[in-house]
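Read off the chains here:
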Amino acid sequence: MKRSEMRQVAFQILFAWESNSLTDSVELYQQLQQVNKNMPSEMPAYLKLLIAGVQKNLLEINQVITEFLKQNWSLERLNKADLVIMQIAVFEIKFITETPDKVAVNEALELAKEFSDEKSRRFINGILSNLIVSN
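Residues numbered from 1 in each chain as written. Predicted model: local features only at pLDDT ≥ 70, side-chain atom pairs only at ≥ 80, totals over all residues. Heavy atoms only, no water.

Novice: Mind showing me how you'd approach the environment of Thr66 here?
Specialist: Relative to the elements of secondary structure, Thr66 occurs in helix H4 (residues 58–67). What makes Thr66 partly exposed here is its relative accessible area of 38%. Here the alpha-carbon distance between Thr66 and Lys113, two residues 47 residues apart in the chain, equals 22 Å. (Helix = DSSP H or I, 4+ residues; strand = E, 2+ residues; numbered from the N terminus. Buried < 20%, exposed > 50% of the residue type's maximum accessible area, 1.4 Å probe, protein only.)

Set out below in structure tokens:
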């Protein structure tokens, strides 16, 4: 399973978790496997890392995102899909040194193409680009 595919699955699991924090990531992975038969039977280590890492570091990740929002914006105003996409990217930028920052941003923009719209894509690009410039 490619890392880009893992990010997609991480997005789906974290999006569900955002709606219900009692969501079990392993159960959800198994449900996604039923739809996509190409997924490995065991959840890949990098996928586990993305999910657990975002969940464990959520407060810090959200603080980073908040720093780059315009004055009258808050996390609550953000589209949930956009927020989850940015949380995954910020986790990769801040906590996974092996993933180049530009790759994390590009992958976030690919997720936005799939799960959001062009306006959101530009918004996500602006936030994440400002983050990597300040890093």
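Novice: I keep staring at the nonpolar core and nothing clicks. Help me out?
Specialist: Generally speaking, a soluble globular protein has its nonpolar side chains buried in company with each other. Formed by 46 residues in total, the largest nonpolar core has its most connected members in Leu47, Ile65, Ile88, Ile124 and Leu128. Put simply, the parts of the chain that give this core at least two residues each are helix H1 (3–19), helix H2 (25–35), helix H3 (45–56), H4, helix H5 (80–95), helix H6 (101–115) and helix H7 (118–134). The residues contacting Ile65, other than those within four sequence positions of it, are Leu75, Leu78, Leu83, Met86, Gln87 and Val90. (Core = buried A, V, L, I, M, F, W, Y, C linked by side-chain atoms within 4.5 Å. Contact = heavy atoms within 4.5 Å.)

Novice: Explanation requested: the packing of H6 against H7 in the structure shown.
Specialist: Pairs of packed helices are described in terms of their axes, by the angle between the two and the distance that separates them. Two elements in contact, H6 and H7, have axes whose closest approach is 9 Å; the angle formed by their N-to-C orientations is 170 degrees. It follows that H6 is roughly antiparallel to H7 by the angle criterion. Considering how the two elements wind past one another, H6 and H7 form a crossing that is right-handed. Residues Asp101, Lys102, Val105, Ala108, Leu109, Ala112 and Lys113 of H6 form the contact with H7, whose own contacting residues are Arg121, Ile124, Asn125, Leu128 and Ile132. Counted by class, the contact of H6 with H7 contains seven nonpolar, one polar and four charged residues. (Axes fitted to C-alpha atoms, helices over the stretch in contact; angles between N-to-C directions. Parallel < 35°, antiparallel > 145°, perpendicular 65-115°, else oblique. Left-handed = near helix turned anticlockwise from the far one by under 90°. Nonpolar A, V, L, I, M, F, W, Y, C, P; charged D, E, K, R; others polar.)

Novice: What exactly am I supposed to notice about the packing of aromatic side chains here?
Specialist: Two measures describe an aromatic ring pair: the distance that separates the ring centres and the angle between the ring planes. Evaluation of the coordinates by the stated rule reveals four aromatic pairs. Considering the side-chain rings of Phe91 and Phe95, the 5.3 Å spacing of their centres and the 20 degrees angle between planes classify their relative orientation as stacked. Of the two residues, Phe91 and Phe95 are both situated in helix H5; the distance of four residues between them amounts to about one turn of the helix. Accessibility expressed as a relative area gives 4% for Phe91, which makes it buried. A network of ring pairs unites the aromatic residues Phe11, Phe15 and Phe115 as a single cluster. (Phe/Tyr/Trp six-rings, centres within 6.5 Å; stacked < 30°, edge-to-face > 60°.)

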